[in-house]
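Coordinates in review
The lines below spell out each chain.
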Amino acid sequence: MAIVRVAVDCPVDALFDYRVAAEPPPAGGFVVVPFGRRRVLGLVLEHAQRATVADHRLRDVERVLAVPPLPADILALIRFAAEYYQCPIGQAAFAGLPTRLGRVREAVTRTSWTYELTPAGLALARDHFPPRAALKRRLLEAFRAKPALDRGDLAAISARASALAEAWIGEGWVARRETPAVEPAGKTSIASARPPVLPTLTDEQRAAVAAIAASLGTFSAWLLEGVTGSGKTEVYFRLIEQVAAAGRQSLLMVPEINLTPQLEARLRERFPALRLASLHSNLAEGERMANWLAARQGRADVVIGTRLSVFTPMPRLGFVVVDEEHDASFKQQEGLRYCARDLAIFLARLRGVPVVLGSATPSLETYHNARTGKFGHLHLARRPAAGRPDIRLLDLRGHTRQAGISDEALRAVEARLARGEQSLVFLNRRGFAPALACGACGWSAACDRCNARLVWHLADAVLRCHYCGHEESLPRRCPVCGNQDLKGLGQGTQRIEQALSQRFAGARILRIDRDSTRRKHAWRAMQDDIRAERVDILVGTQMLAKGHDFPKLTLVVVVDADAALFSVDFRAAERVFQQLMQVAGRAGRDRLPGEVLVQTQFPDHPLYRALVRQDYRSYADELLAERSRAGFPPFVHQAILRAESQSEAAVMRFLAHAASLSGLDGEDVVLYDPVPASVSKVAGHHRGHLLAQSASRAAMQRFLSRWRAALAQGKPARVRWALDVDPLEL
């Protein structure tokens, strides 16, 4: 009788003891265990000689799943994430696992069948069957075209093809072969594919590839800073090729799901013999499970995924890439609030492999690490195929606009239409108008459940809250004074689309935002239309700002660049610059010259001056100097205690109590006053937070461990709380 300690996906920060009658599963093995009145999936993390609970309370493992156990490096990553991000071990353990794993049965290791012609079947003449036996003739032709047919192939021929193949086994014409659903790992020969025509590397690309390649087989962290269109992806591909030739796997992480299909397509075209697997939350459960198993058993040579892919077990891992490393999407905002970029660096160190962080506008944390020598720093300063786009500021002071677009910007769009080129009008705000208001009494439509305005969505004729999803019909009159002349204030992508349609009646206009891409495969179809030149003008949000390469796109117009410029968040300027540089990089990526027009009422702002020069480094140095003087990250370390409740008073009482515990770890950690969140009410819950800050990461971690334990003992009524370590939003 053995004792195993099991992590369960629950908010309790503990392992649970269970008996195992037979041979205990190894650490990393999956088991089904009773948990309260439920049966749940558990992850074995430890073995023990004796249980920590009384014998009469000890329960038995019901079943050990025939799923490959998690390897030691992923278990170490889980433990590190739980400790550093102050999260219960069970929630950390299941953060990156496919959801279907919780419903896995022994059938995970089921077998499948393929059907093959025997020598007797191969000897059958094409006219062996009479013309009226059409299905038999089709099946024989299918076997001659493809030596082994599986059930999917047979179903594609006819619903009766499987039964016919079974009958042919009795005739001696077909043999059935059992094939494991999960094939053993093996090396891939990339030399077997037809060699593609490779682009010529620039001197900068060649130097970057050589430097990183020299570190293969050892841990090293690199910042690959390259202007948009400079060929960072080609550097990744050259290194992936070398890693695959050595029989190793590569992990390629991207910030958004929408970037995975085109990157996967480029990899398949470039390396047709490599086995690829995508991992992100939008995959069907079965597909994600199959891809996870392929990676775990070494059958996937390249894994392309979003932030959750950092937890993917890869036995032959040899190389890690975090593309667009600055993107906030790498930070999980619920449950285990981890930063996938930082965990990727930890994983690479565990495995002794290089990790590359790529960006045109690196996060200031990464840039600072490169400047101080913690990371290697490689720079791609020019585009191989085209020059940088020309960025100009359009001073809006004293100028008229049509739906927020200046006359000069409209003339530039018109010029592209005349030349058969494409334009992008960028506004990071979906909907028709961000507010609906009454000019008579000043009423504006607000969400009853959030401290936010309702956004007018013209196509659906509704008002919608972008925080909680609440919808209501468009009012015909003001509910306060009865005025029927309600107006939409401000611009959203739908209003921009409408204005452009009126101005350019014959133009083919495509709006790309979260609303227009809800349907499955909608975004992929839109990309095909853009590349096939079936679109003249794009209207879009940040979905279009990064990673996309449209050869005929030569003009970018940024409509409302000033909106986030004066935010209370100290990271606002960094984010605005990153976003503008990213969207500017969509213009002129091929042979045609690109132009970017940024509309602003503050053309003398230092951010815009640096943007025109396309000089990230000098602006980053300026921002780092400001943060050093102000005592902000990366020169200090922060954590936020976030709390929410249906009672605003309960939130503030809890945070006041938390602040009173500041003496837990001396004076190394400073606790600031509790304050409401910037959006203080969402979905009926009031929200507040409390900021902790320290110059020492070690001191912060010691304090957080004690603070969390003390807070957990208090058990505040009706208040949910969580710690957010290294927060990106205040």
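Residues numbered from 1 in each chain as written. Predicted model: local features only at pLDDT ≥ 70, side-chain atom pairs only at ≥ 80, totals over all residues. Heavy atoms only, no water.

**Some remarks on the overall build of the protein chain**
A tally of helices and strands in the protein chain yields 20 helices and 34 strands. Structurally, the protein chain occupies a C-alpha span of about 85 × 75 × 60 Å along its principal axes. Within the protein chain, buried positions represent 53% of all 730 residues. Carbon and sulfur atoms form 49% of the exposed surface of the protein chain, whose accessible area is close to 32800 Å². Taking the average location of the 98 positive side-chain charges in the protein chain and that of its 77 negative ones, the two points are 4 Å from each other. (Helix = DSSP H or I, 4+ residues; strand = E, 2+ residues; numbered from the N terminus. Buried < 20%, exposed > 50% of the residue type's maximum accessible area, 1.4 Å probe, protein only. Areas by Shrake-Rupley, 256 points an atom, 1.4 Å probe, with all protein chains shown as cover. Lys, Arg positive; Asp, Glu negative; His and termini not counted. Charge placed at Lys NZ, Arg CZ, Asp CG, Glu CD.)

**Concerning the environment of Ala 698**
With respect to the helices and strands, Ala 698 occurs in helix α20 (residues 697-714). In the structure, Ala 698 is positioned 61 residues away from His 637 in sequence and 9.6 Å away in space, judged by C-alpha atoms.

**A closer look at the sheet that holds strand β26 (residues 509-512)**
Reading across from one edge, β17-β29-β28-β20-β27-β26 is the order of the six strands in this open sheet, with parallel pairing throughout. Across the chains shown, the open sheet's two edge strands, defined by having one partner strand only, are β17 (390-395) and β26. This sheet shows a mean twist of 20° between the axes of neighbouring strands, independent of strand direction. Pairing geometry for strand β20 (residues 422-426) and strand β28 (residues 553-558), over five bridges, is parallel. Considered in β28, the bridge of Gln 422 is made with Leu 553. Strands β17 and β29 (595-600) of the sheet are contacted by helix α17 (residues 606-613), whose axis makes an angle of about 150° with β17. (Pairing = 2+ DSSP bridges. Axes fitted to C-alpha atoms, helices over the stretch in contact; angles between N-to-C directions. Contact = heavy atoms within 4.5 Å.)

**Regarding the environment of Arg 571**
Structurally, Arg 571 can be placed in the loop between β28 and α16 (572-584). Taking the C-alpha atoms as reference, Arg 571 lies 9.9 Å from Ser 363; in sequence the two are 208 residues apart. If near-sequence neighbours (up to four positions away) are discounted, Arg 571 is found in contact with Glu 365, Arg 627, Pro 633, Pro 727 and Leu 728. Of the polar contacts made by the side chain of Arg 571, one reaches the side chain of Glu 365; its length is 3.2 Å. (Polar contact = N/O pair within 3.5 Å; in protein donor to acceptor, adjacent residues only side chain to side chain.)

Scope: geometric values only; no functional claims are made or implied.
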